[in-house]
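Single-letter residue listing:
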Amino acid sequence: ARDSLWRPRPDRGPRLVQRFTVDLTPPTLELRAATGYLKHAGAGVAVYRTTGASRSGVQVGTAFFPGVAGLAADPAVLVAFFAIPYDGPAVAPSALAEDEAGNQRLVSIPVTFLPTRFPKDVIRLTEPFLRRKIPELSPQTLGTAPLDQLVAAFLQVNGEGRKDAEAKIRAITRGETAAKPFWTGPFHQQPNSKVFANFPEERTYEVEGKTIDTAWHLGIDLASSKRTPIEAGNAGRVVFTGANGIYGNMVILDHGLGLFTLYGHMSEIGVKVGQEVKPREPLGRSGETGMAGGDHLHFGFLVRGVYVSPIEWWDPHWLRDRVAKPLADAGVALPGITDGVLAPASLPAAPVPARRAASRPRRR
Ligand SMILES: [Zn+2]
């Protein structure tokens, strides 16, 4: 039968032979270490090794967080900081590697979610506030306009205006980021400041006792004194300065590896785009530009365009256990971040009892 099928036919004519490679082998992907305890609206880090991938990172629901190479001695080892978006279900992350042909490899990251509670607050909008603020936020509306017009303008600013401001922030913080960390150690909370609004907080807006709107508050509000110097939360590079709707005068810093901090409502900005800043370097002064009822700093933290809780990044224990430890476990040494974890000598020595009770187990 073979002979008759393969017998050359004289009328065949010229043939075009195209050679192409059918890549059926998915890339390799091995998870080295990752944050094991996560919070909804919190952050984590994963270290993985991949070969044969054209794109790799961490997938959380529909959000993708690309990995960064060059931080480990092995060039195939990548580090990806990721976030559990507040506005989606708290789904477990997966490491993902994909090649040019679209072959994918997914490795789920074993995690435990810690309980998280999203606070709620009611913002009572007063007529004097609307008369003072609306002309700044919606220049076509006069402060002397009837109350219903001021409320309509507020709804426009808090709806479409807020969406535009967030789109701008997302574009900046999903954009270019340094492939190395500028930051070292925990982030700094504005000195002598008091937290008076949390993240993520579900806000209801009322006018004369009636609910008119709702919105999510996506940062932490910090108040100290008026026109207080605003300090960089950590070392970074200025990637945005200027007005941004409800956020007023705003500064955004890139801290590298996809981490960004945002400073809103400033009265004065004293830095320029492209400028590198040291931790606690002044960025300008606090104020009440944008949708602010009083002088305060709106401080936001984003991981590749996704808001996360700044409180985690202020906490040295969280940073050690949830970031430095997995990095160190995977053999990634980052100066100022993993030092204490990698070099046991720099940790405080464990207390040695003067006379050890002979191998009696201690319970605590
Ligand atoms: Zn705020």
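The structure contained in this document is the topic of the report that follows.

This part takes up the pairing of strand 3 (residues 43–51). For a regular strand, the rule is simple: side chains alternate between the two faces of the sheet. Of all nine residues that make up strand 3, seven are buried, and the element is covered over most of its length. Relative to strand 7 (residues 77–83), strand 3 runs antiparallel, the two sharing seven bridges. Each bridged residue has a counterpart across the sheet, and for V47 the counterpart in strand 7 is V79.

What follows concerns the pattern of salt bridges. Summed over all chains, the structure comprises 16 salt bridges. Among the ionic pairs, E202 bridges to K120, the shortest N-O distance being 2.9 Å. Residue E202 is located in strand 13 (residues 201–207), and its partner K120 is located in strand 11 (residues 120–125); the two are separated by 82 residues in the primary sequence. By relative accessible area, K120 is classed as exposed at 67%. Between R280 and E231 there is a salt bridge, with the nearest N and O atoms lying 3.6 Å from each other. Of this pair, R280 sits in the loop between strand 21 (276–277) and strand 22 (282–285) while E231 sits in strand 16 (residues 229–231), placing them 49 residues apart in sequence. Exposure remark for R280: the relative accessible area of 42% places this residue in the partly exposed category. Salt bridges here are not isolated pairs; linked through shared partners, they connect E201, R203 and D221.

Moving on to unusual backbone geometry. Cis peptide bonds are those with omega within 30 degrees of zero, and the linkage from F199 to P200 qualifies with -15°. Its location among the elements puts P200 in the loop between strand 12 (194–197) and strand 13. Positive phi values are uncommon outside glycine, yet R227 reaches one of about 50°. Summarising the element assignment, R227 is placed in the loop between strand 15 (220–223) and strand 16. With phi around 70°, H265 is a residue other than glycine that occupies positive phi space. By the element assignment, H265 lies in strand 19 (residues 259–266).

So, on to the sheet that holds strand 5 (residues 63–66). Strand order across the open sheet formed by four strands is 5-4-8-9, with antiparallel pairing between neighbours. Pairing within the sheet leaves two strands with one partner each, and these edge strands are strand 5 and strand 9 (104–108). For this sheet, the mean angle separating the axes of adjacent strands, direction not counted, is 30°. Sheet analysis places strand 4 (residues 55–60) next to strand 5, joined by four bridges and oriented antiparallel. Looking across to strand 5, one finds that G57 is bridged to P66.

The next subject is the coordination of the zinc ion. Surrounding the zinc ion are the protein donor atoms H217 (NE2), D221 (OD) and H298 (ND1), at 2.0 to 2.1 Å. Binding-site remark: the zinc ion is held by donors from one chain whose sequence spacing is H-x3-D-x76-H. In this pair, H217 sits in strand 14 (residues 210–217) while H298 sits in strand 23 (residues 297–303), placing the two residues 81 residues apart along the sequence. According to the relative accessible area criterion, H217 is buried, its value standing at 6%.

With that settled, consider the side chain of T50. Mapped onto the secondary structure, T50 falls in strand 3. Separated by 2.7 Å, the side chain of T50 and the backbone oxygen of T28 make a polar contact. Not counting the four nearest positions on each side in its chain, T50 is found in contact with P27, T28, L29, S56, A76, L78 and A97.

A few words now on helix 5 (residues 316–329). Considering bend angle alone, the principal kink of helix 5 is centred on V323 and spans about 30°; proline P326 follows within four residues of it. If you check which residues of helix 5 are buried, you get W318, L319, V323, A324, P326, L327 and A328. Two or three places before H317, at the start of helix 5, stands the capping residue D315, its side-chain oxygen 2.9 Å from that residue's backbone nitrogen. Immediately beyond the C-terminal end of helix 5, within one or two residues, lies G331, with a positive phi of roughly 80°.

When two helices pack together, their arrangement is given by the angle between the helix axes and by the axis-to-axis distance. Helix 3 (residues 147–173) packs onto helix 2 (residues 127–137) with a crossing angle of 55° between their chain directions and a minimal axis gap of 10 Å. By the angle between their directions, the pair helix 2 and helix 3 is classed as oblique. The two elements helix 2 and helix 3 meet at a crossing, and its hand is left-handed. Contact residues: helix 2 offers E127, L130, R131, I134 and L137, while helix 3 offers L147, L150, V151, A153, F154 and V157. The residue inventory of the contact of helix 2 with helix 3, partitioned by class, reads nine nonpolar, no polar and two charged.

Right, let's talk about the sheet that holds strand 20 (residues 268–269) for a bit. Spatially, three strands are ordered 16-22-20 in an open sheet, and the strand pairing comes out antiparallel. Looking at the sheet topology across the chains shown, the edges are occupied by strand 16 and strand 20. Alignment of strand 16 against strand 22, held across three bridges, turns out to be antiparallel. The residue of strand 22 that forms the bridge with P229 is R285.

Tallying each qualifying case throughout the model produces 15 aromatic pairs. Seen in terms of ring centroids, F154 and Y205 are 5.4 Å apart; in terms of plane orientation they differ by 55°. Their pairing is tilted. Residue F154 is found in helix 3, and its partner Y205 is found in strand 13; the two are separated by 51 residues along the sequence. A centroid spacing of 4.8 Å and a plane angle of 65° characterise the contact between W313 and W318, whose relative ring orientation is edge-to-face. For the pair W313 and W318, one class covers both residues: buried. If you follow R55 out to its NZ or CZ, it ends over the ring of F64, 4.2 Å from the centre.

Conventions adopted
Residues numbered from 1 in each chain as written. Predicted model: local features only at pLDDT ≥ 70, side-chain atom pairs only at ≥ 80, totals over all residues. Heavy atoms only, no water. Buried < 20%, exposed > 50% of the residue type's maximum accessible area, 1.4 Å probe, protein only. Helix = DSSP H or I, 4+ residues; strand = E, 2+ residues; numbered from the N terminus. Pairing = 2+ DSSP bridges. Salt bridge = Lys/Arg side-chain N within 4 Å of Asp/Glu carboxyl O. Axes fitted to C-alpha atoms, helices over the stretch in contact; angles between N-to-C directions. Donors = N, O, S within 2.8 Å, 3.2 Å for Na, K, Ca; no water. Polar contact = N/O pair within 3.5 Å; in protein donor to acceptor, adjacent residues only side chain to side chain. Contact = heavy atoms within 4.5 Å. Bend = angle between axes of the 7 residues up to and from the residue. Parallel < 35°, antiparallel > 145°, perpendicular 65-115°, else oblique. Left-handed = near helix turned anticlockwise from the far one by under 90°. Nonpolar A, V, L, I, M, F, W, Y, C, P; charged D, E, K, R; others polar. Phe/Tyr/Trp six-rings, centres within 6.5 Å; stacked < 30°, edge-to-face > 60°. Lys NZ or Arg CZ within 6 Å of the ring centre and 35° of its normal.

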